[in-house]
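Here's the letter readout for the chains.
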Amino acid sequence: MSTLANKIQEVFNEPGCGKNQGKSEKERKKGCTKQLTPGGAAGGCAFDGAKIALQPITDVAHLVHGPIACEGNSWDNRGAKSSGSQLYRTSFTTDINETDVVFGGEKRLYKSIKEIIEKYDPPAVFVYQTCVPAMIGDDIGAVCKTATEKLGKPVVPIYSPGFVGAKNLGNKLAGEAILDYVIGTEEPEYTTPYDINIIGEYNLSGELWQVKPLLDELGIRILACISGDAKYHEVACSHRAKAAMMVCSKAMINIARKMQERYDIPYFEGSFYGIGDMSDSLREIARLLIERGAPAELMERTEAVIAREEARAWKEIEVYKQRLAGKRVLLITGGVKSWSVVAALQEGGMEIVGTSVKKSTKEDKEKIKEIMGQDAHMIDDMTPREMYKMLKEAKADIMLSGGRSQFIALKAKMPWLDINQERHHAYAGYVGMVELVREIDKALSNPIWEQVRRPAPWDETTWEEVADAAIAKEAAELAANPELAEQKRRAQNVCNCKAIDTGTIEDAIRDHKLTTVERITEHTHAGGGCGKCAGSIASILARVSETASVTEAA
Ligand code: SF4
């Protein structure tokens, strides 16, 4: 098996991966060997994922071996901030062309590495493999090895051609590369009992800097953040940390688990979003460090910092309470953010009318119920039209979501705030939560909304009236024709990659008595692409299982 095939198999069989743990022994043995079909990488390819994961290492030259479009697609699209070198934002690509496809691109790659080292003298060069060089058989491993020996700098191959899978897989392949070529290759100048690694934090909009001052105050040193605002040397020395926190469980679980296995560094999964979660994360860091030899008084100091910061944050949020009281928020995000910011919003006097759970795990959903009550409105999948309707009918006053849904809010002439990766404000830590409430307040009280809602003097019928009339007409038709309504419901797409609708999944569950998402994927292919619809499939399964007793056929 090739190096790449081996790596992919290893990542798929990662025991720390929640998805794998949820599988039966038989399914786990099989691994996730299913071949991807075209479109399977929709939403970001593996190369994109690898680049997202490693580009925040700021002093490294990130060289993309492939056509220029790959780099154009992935360059600097996340806003990871640096406190020092800006080299990570310089775009390097071999920009291979037809001649390279015919004669091979290895020479061009070597020349590019050499040129980068001569011009920029970085501590290391990371070489990303993309689809075309992988298909024509360029041996980037051999080129990187030769370049390392001849040019005297670490040159690291990242085996991440886009066609092997989706963004998440790319994150893990990037993790494998630094485990194999970077971590443990250098030694820190000194170590302390307070050295930690933070894994899966990318310092988007400078979020790490909202947490770091508190760790500094406690005397806790971030030996390496993988990879936000990191330097190559820090990542290379990270094997000397005493404990680790893994910030985003899905992205880099393999790094955390393998570092525990190889270097005996215990880790926990935590979040910096939300006041309660931030406190829990600080406590857990202190607990792990004490377990590994730090003085027990660290916990007392940690609790004192937590008490002070919590009190300060709640007090600052209190200021906005009067203006925000009763405002309704529609939260379209995923993962931990689907619940971790809820407490701060509720404390600001806001009501959460719905939170999306499309990308949330079972634990996330439990947590939502805990915070918002059993009747919490969890939205599995909301069509743009439903979002529009909700905002238009003022069932929500503001929508918090990623950039892609912003135009729905803008069409409804309602405030919107970016809460996902392209955001320009940092929402981590205690100050981040106050910042979030402040930004919501600013968005809600922006006078522009009042102005754009006024009809233009020359409009006899506004486009909204036309749209509203069309929506109302369709709703009336469906209400009058239950058969048509059912047809429409069943025709709703669940898996965009494979174009599988609700009805097909429901029928497969009933006809074949399926009881797991994996079995549904086997039968219908739904969920066999980027995997984002796994939550929706699980909800359909739960719903169908509730109405019909389903016992899986052997
Ligand atoms: S690596 Fe492949 S899938 Fe990804 S952007 Fe490049 S060509 Fe497209």
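Residues numbered from 1 in each chain as written. Predicted model: local features only at pLDDT ≥ 70, side-chain atom pairs only at ≥ 80, totals over all residues. Heavy atoms only, no water.

**A few points about the site of the ligand**
All residues in the neighbourhood of the ligand are listed as C45, F47, C70, N73, T130, C131 and G162. Residues belonging to the shell around the ligand are distributed by class as follows: four nonpolar, three polar and no charged. (Near = heavy atom within 4 Å. Nonpolar A, V, L, I, M, F, W, Y, C, P; charged D, E, K, R; others polar.)

**Some words on the confidence of the model for the chain**
Per-residue pLDDT for the chain has a mean of 87; in total, 90% of the residues score no lower than 70. Confidence over residues 31-35 falls short of pLDDT 50; this stretch has nine contacts with residues more than four positions distant or in other chains. (pLDDT = per-residue confidence, 0-100. Contact = heavy atoms within 4.5 Å.)

**Some points on helix α21 (residues 429-444)**
Between the first and last C-alpha of α21 there are 23 Å, a value that for 16 residues agrees with the 22 Å anticipated at 1.5 Å per step. The buried fraction of α21 amounts to 13 of the 16 residues, a majority that puts the element mostly inside the structure. (Helix = DSSP H or I, 4+ residues; strand = E, 2+ residues; numbered from the N terminus. Expected span 1.5 Å × (residues − 1). Buried < 20%, exposed > 50% of the residue type's maximum accessible area, 1.4 Å probe, protein only.)

**Brief notes about the packing of aromatic side chains**
Applying the stated rule across the entire model yields three aromatic pairs. When the ring of F47 is compared with that of Y128, the centres are 6.2 Å apart and the planes differ by 80 degrees; the resulting orientation is edge-to-face. With F47 in helix α4 (residues 46-54) and Y128 in strand β3 (residues 125-129), this pair connects stretches of sequence that are 81 residues apart. In this structure, F47 and Y128 share a single accessibility class: buried. Taking 6.3 Å as the distance between ring centres and 70 degrees as the angle between the ring planes, the aromatic pair formed by F126 and Y232 counts as edge-to-face. (Phe/Tyr/Trp six-rings, centres within 6.5 Å; stacked < 30°, edge-to-face > 60°.)

**A closer look at the domain arrangement of the chain**
Domain annotation of the chain identifies domain 1 (33-181), domain 2 (195-312), domain 3 (315-452) and domain 4 (481-553). Here the C-alpha centre of domain 4 lies 40 Å away from the C-alpha centre of domain 2. (Domains from an automatic or database assignment.)

**Overview of the nonpolar core**
Note that soluble globular proteins tend to have their nonpolar side chains buried in a common cluster. Ranked by internal contacts, the top residues of the largest apolar core, which has 58 residues, are I198, L215, L345, L400, L436 and I440. Taken domain by domain, the makeup of this core includes at least three residues from each of domain 2 (195-312) and domain 3 (315-452). Counting residues in each nonpolar core, the second largest holds 41 residues, with Y128, I199, A230 and V235 among its members. (Core = buried A, V, L, I, M, F, W, Y, C linked by side-chain atoms within 4.5 Å.)

**So, empty space enclosed by the protein**
If you walk through the whole model with that rule in mind, you get one cavity of 30 Å³ or more. Quantified by volume, the largest cavity comes out at close to 110 Å³. Residue lining of the largest cavity: 13 residues in total, with I52, Q55, P56, R78 and A80 positioned closest to the centre. (1 Å grid on protein atoms, 1.4 Å probe; cavity = no way out; pocket = protein on both sides within 12 Å on 5 of 7 lines; lining within 4 Å. Points joined across faces, edges and corners; volume = space filled by probe spheres on them.)

**Concerning the sheet that holds strand β13 (residues 416-418)**
Pairing within the open sheet is parallel, and its five strands lie in the order β11-β10-β9-β12-β13. Every interior strand has two partners, whereas the edge strands, β11 (378-379) and β13, have only one. In this structure, strand β12 (residues 398-401) lies alongside β13, joined through three bridges in parallel fashion. Among the inter-strand pairings, S401 is bridged to a residue of β13, identified as D418. Packing of helix α19 (residues 384-392) onto the sheet brings it into contact with β9 (328-332), β10 (351-356) and β12, and relative to β12 it is tilted by some 145 degrees. This element, α21, spans β12 and β13 of the sheet and lies at about 135 degrees to β12. (Pairing = 2+ DSSP bridges. Axes fitted to C-alpha atoms, helices over the stretch in contact; angles between N-to-C directions.)

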